[in-house]
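In case you want the letters, here they are:
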Amino acid sequence: MSEETLHAVHHATQHGARTRNGLDNPVLPDGLDARIPSVPPLARRLTAPLVRFADLAALTIALFLTVFSFALRHGTSVERFLELRVSLHNLIIELVLLLAWRLLFWAVGLYQPRLNRTFNTYLFKVPFSALLGTAVVVVPFHTAPENAELFRSCLFFWFVATALMMATRTAVFTYEEGIRPAFRKRRTVLICGTGLRARMLALQLPADRDFRYQLAGFIDSSPQPDCLRLGPFLGKIDDLETILMRLPVDEVVIALPIKSHFNEIEDIIAVCGRAGIQTQYSIDLFTTAAAKHHNVGAVDGSRVVLEMVHTDHRLLIKNVFDRVLATIGIILISPILLAIALGIKLTSPGPVFFVQQRFGLGKRMFGMIKFRSMVTDAEALQKDLEHLNEIDGPIFKIKKDPRITPFGAFLRKTSLDELPQLFNVLRGEMSLVGPRPLPSRDVARFSEAWLMRRFSVKPGITGLWQVSGRSTADFDNLIKLDLRYIDRWSLLLDIKIILRTFAAVAKGRGAY
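Residues numbered from 1 in each chain as written. Predicted model: local features only at pLDDT ≥ 70, side-chain atom pairs only at ≥ 80, totals over all residues. Heavy atoms only, no water.

**With respect to the environment of Pro-420**
Note that Pro-420 resides in the loop between helix H13 (406–414) and helix H14 (421–426). For the pair Pro-420 and Lys-370, spaced 50 residues apart in the sequence, the C-alpha separation amounts to 5.4 Å. The contacts of Pro-420, once residues within four sequence positions are left out, are Phe-353, Ile-369, Lys-370 and Phe-371. (Helix = DSSP H or I, 4+ residues; strand = E, 2+ residues; numbered from the N terminus. Contact = heavy atoms within 4.5 Å.)

Below, the structure written as structure tokens:
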């Protein structure tokens, strides 16, 4: 690393701001983390573009109600008022008012986060801003016959505008402070480092606004005593790959001094890239081919998140798409589900469903539901059939499996045994499209960390593997197809795979 780069790193670490949860870091000795306060996330939420749009909408509604009440007080009936047409003159007035209100609110600092750090500042600023907005509205009411009528209309406008603008901010504040924290997603984090920086980070994790962090532990080549009471010490940095293969970890946070641990940090990022684990570090100095996006984690950009999978708004659409289609599918095929359940009961003893623990998103176990197609003790009999495995690698597949029942063979050939996984999709454990979830027997035989990237997305009922040969593909090709899906994922790709799945199932290609 050059002297200029080292100087830039030192300058950035000296003047960076806060972590993603928005809490100010205390000053640490030796200039390790001398940071200045920055804008709280709530202040940014309360000045977001959506709030600005809501303010203009509130003033427009207040103006409409003011004109409506004015007309009613002067004998215009509701029906007559609703019959009035909007003229070009009135539209121009409204556009001028919107522009004037926007400029006024900008001038008084209503939308500057650094001037509105707490909700209490709006208790004065919003009524004052609405008052200025009312002064602009006085011009359209200059034709009022009496001053008292003008005052009454302006007072009404100010009251409605203030109430609506405060209602918007109250709703945002309530959501951010009361509702959103209750729905934080759980994430397991591993911290690289055991010094003061790592200790302060571990203390801040519980207050994160976006995630309910669970600390898996610390790793460090030269462990310090600062973090011993906050979490377990898992090993040295050289052990990271083994640790990620053994523990369910969603995120690795690097809390090491960059100047003295440059090579180790590079190694950490490389390992996390192979394993598909999201990584955070203080400054954007490193890249990895597996990363999909460099996301600024802190409010002021003092920490960068390397996202190993796509995490934008399309995932919300994908989740809604999955659950809506799963719900519709369950309703439409419910007679088929009942018929299959009856067929299983009549042809072999045992339960209708087979629930097997499989690895899902983030290597977390869940119960994958299938129609039972084998004898009830099939899992116990598998160890005696290992020598018949027809696929290279960890996965177990044989064409003429003696454990399969006659009716089960039909279910497997037609893939009808997979239909109950729609309930897994409905519960959010699976997606319609994604890498197939693997049992613990197969995952236990993984020997390299890059195979873990399969667990960086939700498993699916179908995927590229299923539409590219299904069970005929060997293990290496299977993994390549899974990683290709993760790297090239899009909503359009999901739709294509679903359509190709119907064709593959209709042909019965590769299913056994």
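**Brief notes about unusual backbone geometry**
Within the chain, Lys-363 stands out as a residue other than glycine whose phi angle is a positive 65°. Structurally, the position occupied by Lys-363 is in the loop between strand E8 (353–359) and strand E9 (365–371). Within the chain, Ser-415 stands out as a residue other than glycine whose phi angle is a positive 65°. Position of Ser-415 relative to the elements: it lies in the loop between H13 and H14. On the basis of relative accessible area, Ser-415 is assigned to the buried category, the value being 13%. (Buried < 20%, exposed > 50% of the residue type's maximum accessible area, 1.4 Å probe, protein only.)

**Description of the pattern of salt bridges**
Within the structure shown, the criterion is met by 12 salt bridges. The salt bridge involving Asp-55 is made with Arg-169; its shortest N-O contact spans 2.6 Å. Here the residue Asp-55 occupies a position in helix H3 (residues 49–73), and Arg-169 occupies one in helix H7 (residues 147–179), the gap between them amounting to 114 residues. The buried category is assigned to Arg-169, whose relative accessible area is 0%. (Salt bridge = Lys/Arg side-chain N within 4 Å of Asp/Glu carboxyl O.)

**Description of helix H18 (residues 491–507)**
Taking 1.5 Å per residue as the helical rise, H18 with its 17 residues ought to reach 24 Å, and the 25 Å between its terminal C-alpha atoms agrees with that figure. Those residues of H18 that fall on the buried side of the exposure criterion are Leu-493, Asp-494, Ile-497, Ile-498, Thr-501 and Ala-504. The arc that holds the buried residues of H18, viewed along the axis, is 140°, so those residues lie on one side. When the buried face of H18 is taken as reference, the exposed residues oriented beyond 90 degrees from it are Leu-492, Leu-499, Phe-502, Ala-506 and Lys-507. Contacts made by the buried residues of H18 are with helix H11 (314–347), strand E10 (431–433), strand E12 (460–462), helix H16 (464–467) and helix H17 (475–488). The distance from a side-chain oxygen at the start of H18 to the backbone nitrogen of Leu-493 is 3.1 Å, and the residue carrying that oxygen is Ser-490. (Expected span 1.5 Å × (residues − 1). Arc of directions from axis to C-beta. Polar contact = N/O pair within 3.5 Å; in protein donor to acceptor, adjacent residues only side chain to side chain.)

**So, the environment of Phe-211**
Here Phe-211 lies in strand E2 (residues 211–219). Overall, Phe-211 belongs to the buried group, its relative accessible area being 16%. Separated by 23 residues in the primary sequence, Phe-211 and Thr-188 have C-alpha atoms spaced 9.5 Å apart.

**Quick word on empty space enclosed by the protein**
Taken as a whole and judged by the stated rule, the model has two cavities of 30 Å³ or more. One number sums up the size of the second largest cavity: a volume of about 30 Å³. Considering the residues around the second largest cavity, the lining is formed by Phe-359, Gly-360, Pro-435, Arg-436, Pro-437, Leu-438, Arg-454, Phe-455, Val-457 and Pro-459. Of the residues contributing to the lining of the second largest cavity, the split by class is seven nonpolar, one polar and two charged. (1 Å grid on protein atoms, 1.4 Å probe; cavity = no way out; pocket = protein on both sides within 12 Å on 5 of 7 lines; lining within 4 Å. Points joined across faces, edges and corners; volume = space filled by probe spheres on them. Nonpolar A, V, L, I, M, F, W, Y, C, P; charged D, E, K, R; others polar.)

**Describing a nonpolar patch on the surface**
Among the surface-exposed residues, Leu-316, Val-320, Val-324, Leu-325, Ile-328 and Leu-332 lie close enough to one another that they form a single nonpolar patch of about 550 Å² accessible area. Relative to the elements of secondary structure, Val-324 occurs in helix H11. Owing to a relative accessible area of 43%, Val-324 belongs among the partly exposed residues under this scheme. (Patch = residues over 30% accessible without salt bridge, like charges linked within 9 Å, V, L, I, M, F, W, Y side chains within 5 Å. Areas by Shrake-Rupley, 256 points an atom, 1.4 Å probe, with all protein chains shown as cover.)

**Side note on the pairing of E9**
Burial runs high along E9: six of the seven residues are buried. Where E8 lies against E9, seven bridges are found, and the strand directions are antiparallel. Opposite Gln-357, over in E9, you have Gly-367 as the bridge partner. Where E8 folds back on E9, the antiparallel hairpin that results is connected by five residues, among which Gly-362 adopts a positive phi of roughly 70°. (Pairing = 2+ DSSP bridges.)

**Side note on helix H8 (residues 196–204)**
Within H8, the full set of buried residues consists of Arg-197, Ala-198, Met-200, Leu-201, Ala-202 and Gln-204. Along its buried surface, H8 packs onto strand E1 (185–192), E2 and strand E4 (251–254).

**With respect to the nonpolar core**
Leu-244, Val-252 and Ile-268 are the most contacted members of the largest nonpolar core, which has 62 residues in total. When residues no more than four places from it in sequence are discounted, the contact partners of Ile-268 are Cys-192, Ile-237, Leu-240, Val-252, Ile-254 and Leu-256. (Core = buried A, V, L, I, M, F, W, Y, C linked by side-chain atoms within 4.5 Å.)

**Some points on the sheet that holds E8**
Spatially, three strands are ordered E9-E8-E11 in an open sheet, and the strand pairing comes out antiparallel. Since the sheet does not close on itself, it has two edges, and those belong to E9 and strand E11 (438–439), each with one partner.

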